[in-house]
Amino acid sequence: MKFFLLLSFIGFCWAQYDPHTLYGRSSIVHLFEWRWADIAKECERYLAPNGFGGVQVSPPNENLVVNNPSRPWWERYQPISYKICSRSGNEDEFKDMVTRCNNVGVRIYVDAVMNHMCGVGAEAGTSSTCGSYFNPGTRDFPAVPYSGWDFNDGKCTTSSGGIESYNDASQVRDCRLTGLLDLALGKDYVRTTLANYLNHLIDIGVAGFRLDASKHMWPGDIKAILDKLNNLNTQWFSEGSRPLIYQEVIDLGGEAVTSSEYYGNGRVTEFKYGAKLGTVIRKWNGEKMAYLKNWGEGWGFMPSDRALVFVDNHDNQRGHGAGGSSILTFWDARLYKMAVGFMLAHPYGLTRVMSSYYWPRYFENGDDVNNWVGPPNDNGVTKEVTINEDSTCGNGWVCEHRWRQIRNMVAFRNIVGFEPFSNWWDNGSNQVAFGRGNKGFIVFNNDDWSLSTTLQTGLPAGTYCDIISGDKVNGYCTGIQVYVSDDGTAQFSISNSAEDPFIAIHVESKI
Ligand code: AAO
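Residues numbered from 1 in each chain as written. Predicted model: local features only at pLDDT ≥ 70, side-chain atom pairs only at ≥ 80, totals over all residues. Heavy atoms only, no water.

Engineer: Give a detailed account of helix H7 (residues 271–281), specifying residues and quantitative values.
Structural biologist: Most of H7 is tucked away: 10 of the 11 residues are buried. Of all the positions in H7, only Phe271, Lys272, Tyr273, Gly274, Ala275, Leu277, Gly278, Thr279, Val280 and Ile281 are classed as buried. Considering only its buried residues, H7 is in contact with strand E11 (267–269), strand E12 (307–309) and helix H8 (333–345). At the N-terminal end of H7, a side-chain oxygen is found 3.0 Å from the backbone nitrogen of lysine 272, two or three residues along, and the residue is glutamate 270. Lysine 283 lies just past H7 and shows a positive phi near 60°. (Buried < 20%, exposed > 50% of the residue type's maximum accessible area, 1.4 Å probe, protein only. Helix = DSSP H or I, 4+ residues; strand = E, 2+ residues; numbered from the N terminus. Contact = heavy atoms within 4.5 Å. Polar contact = N/O pair within 3.5 Å; in protein donor to acceptor, adjacent residues only side chain to side chain.)

Engineer: Let's hear about unusual backbone geometry: which residues, and what values?
Structural biologist: Note the cis peptide between asparagine 68 and proline 69, where omega equals 0°. Within the fold, proline 69 resides in the loop between strand E3 (61–63) and strand E4 (79–86). A cis amide bond links valine 144 with the next residue in sequence, proline 145, at an omega value of 0°. Following the sequence through the fold, proline 145 ends up in the loop between strand E7 (116–119) and helix H4 (169–174).

Engineer: Tell me about the pairing of strand E19 (residues 431–436), residues and numbers included.
Structural biologist: Burial runs high along E19: six of the six residues are buried. Residues Gln431, Ala433 and Gly435 line one face of E19 and the alternating positions Val432, Phe434 and Arg436 line the opposite face, and both faces are buried. Looking at chain direction, strand E18 (residues 421–426) and E19 are connected through four bridges and run antiparallel. From the neighbouring strand, aspartate 426 faces E19, where its bridge partner is valine 432. From the end of E18 to the start of E19, which pair antiparallel, there are four residues, and glycine 428 there has a positive phi angle of about 80°. As paired elements, E19 and strand E20 (residues 440–445) share six bridges and run antiparallel to each other. For phenylalanine 434, the partnering residue across the bridge sits in E20 and is isoleucine 442. Connecting the antiparallel pair E19 and E20 is a turn made up of three residues, with glycine 437 showing a positive phi of about 55°. (Pairing = 2+ DSSP bridges.)

Here is the structure:
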C-alpha cells in the first residue's frame, strides 16, 4: 500500500499534470505577446522575487505576416514553419530567456499550434516572420516541409471544407477551423515533425505546452505525438520529468466534443470557470457570491487535478473564443481584482493569471471592432515593456500581474499551499469569507451595503496586514490592519464603496 502511494505520488510529480514549478510556487502568468528579451528580464526582476511559478509565452514559431488588418495578434496562430522566429524574437533570444528564467526557478510553457498551418486563403509568397516561402493553394510549406499529403482535405466531409457544426465530432477534428489548413495528425510523418518541434523546445529547457485548438485534434493523435516527446532537460528538471500539458478545449456543455476525452493526455482548460465566476461577480442571472460555497467540482467543473483555470484569456478578453460578455477583464478592474483574488485564494485547479496590453476598444453593435489590434508596436516591431517608477508598466502594457492586489494574492496562494478550504461564511447574499486551514483568510463584500461582522479566521492570534489594501513593509503595514483574537476570530469592516471591497491576510502578513 505504502509502495503504491509512493508510486502514485511520484507518478503525479513527474507526469504531464505537474507544472514543475519550484516548491512553493503555484501560479502561471500569460505574458501575452511579450518579447523574449522582456520576459527574461521580468523573470529576474519581478516573477522570481514575487513567487510566480512560470510563464505561458505566445507561439514562438514562424507565422504568417498579416497586413490587412495591420499585424493583428492573431497572425501568430497561423504557422508557416517551426523555426523559432517571431515578433517576440529569434532563437538565440528564446534560448536566453529560457535559460535565465529557469536559472531563477521560473518555468516557460510554450503555446504550441499543432492543429493547422495558415489560412487557406492566404496569398502564396514570403510574407512570413522569417521570410520562408509558402503556398497555401498547393499546400506547400517547404520550410517544414509539408505538402498536399499532410493535410486533412480528403478526410473532411463538409462541402465547404470547414467546420460547419460543432455537433459533429469528426468535422470538428477533420475540417478547417475558420479556414485554417488542417494538418493530418493521423500521419506518422506529421506527428514526428510536430514532436521534433516540441522536442527542440524541450531540449532548450521549456517545462511544458499549451496545446492550441486541442478540441480540433483527436485525443489519440495528440497522445501519439506526446508519446514521442523527450523528458525535460536535466539541467533544471529531475530525471524522467514529463512536460506539463494543458489542452485548449472549450467545453461549456452542449457540444459533441467534451473535455473529459482529453484528461488522459494532460490538463485541460476549464472555460466554465471564468464564464461562471464573471456571471457571479457581475451578479447577473440572479447569481450571488453565497453560491460559491461549493465552487469547483460542485459547479460541474472537471476534476481539480485536471483543470487549468483563469478569469480571462487572450481570446475571451476581446470577444474571441467563448465565454461571452460575462468574462471579467482589466477593463472592469474593480470586479476583475475580486475575481482573480477569489481564484487565487480558492484551492481548485492550476491557476493562470492574464497579463495584457491596451488596445483601442471600440464597440459597434455590441462587437469590439478593434479586437484584432496587435501588441504595442512601432511599424510592426513590438515595443519594449518599460517599467515605471511605481512598478507598473509603460508603453501600453497593462501588466495585471504587477497590480498589488494580484501580485499579493499569487503570494497568498503559495503561502497557503495545500491547506484545506475552511471556515466558509456568507450572509446569504454577496458577502462571503473563507480560509485555507490555519494559513490564510479572505473576506469579500460585493453587496450594495457595508459588511461589519466577526468571523472565525482559523489563524493564530496577532495583528495582520491586509495584503489587498497594502503591504507589510519592514514589519509595518501600509494598509488595513486585522486583529485576530486568541480564539481565532477577528472583526471585519468593508465598505461597499471601498476601492477594493475585499480583505486578505495570511501567516506571513502578520506583523
Ligand atoms: C483569423 C481570422 C479569421 C480567418 C482566419 C484564417 O480572424 O476570420 O478565417 O484567421 O484566415 C485566433 C483568432 C482567430 C484567427 C486565428 C488565426 O481567434 O480569429 O482567425 O487566430 O489567425 C474556437 C476553437 C478554439 C479557438 C477559438 C478562437 O475551438 O480553439 O475558436 N482558440 C484558439 C486560440 C485562438 C486562435 C486559434 C485557436 C486558432 O486561442 O487565439 O484563433 O489557432 C464555440 C466553440 C468553440 C469555438 C468558438 C469560436 O464557442 O465551442 O470551440 O472556439 O465557438 O468559434 C458560446 C458557446 C461557446 C461558443 C461561443 C461562440 O459562448 O457557449 O461554446 O458561444 O460561438
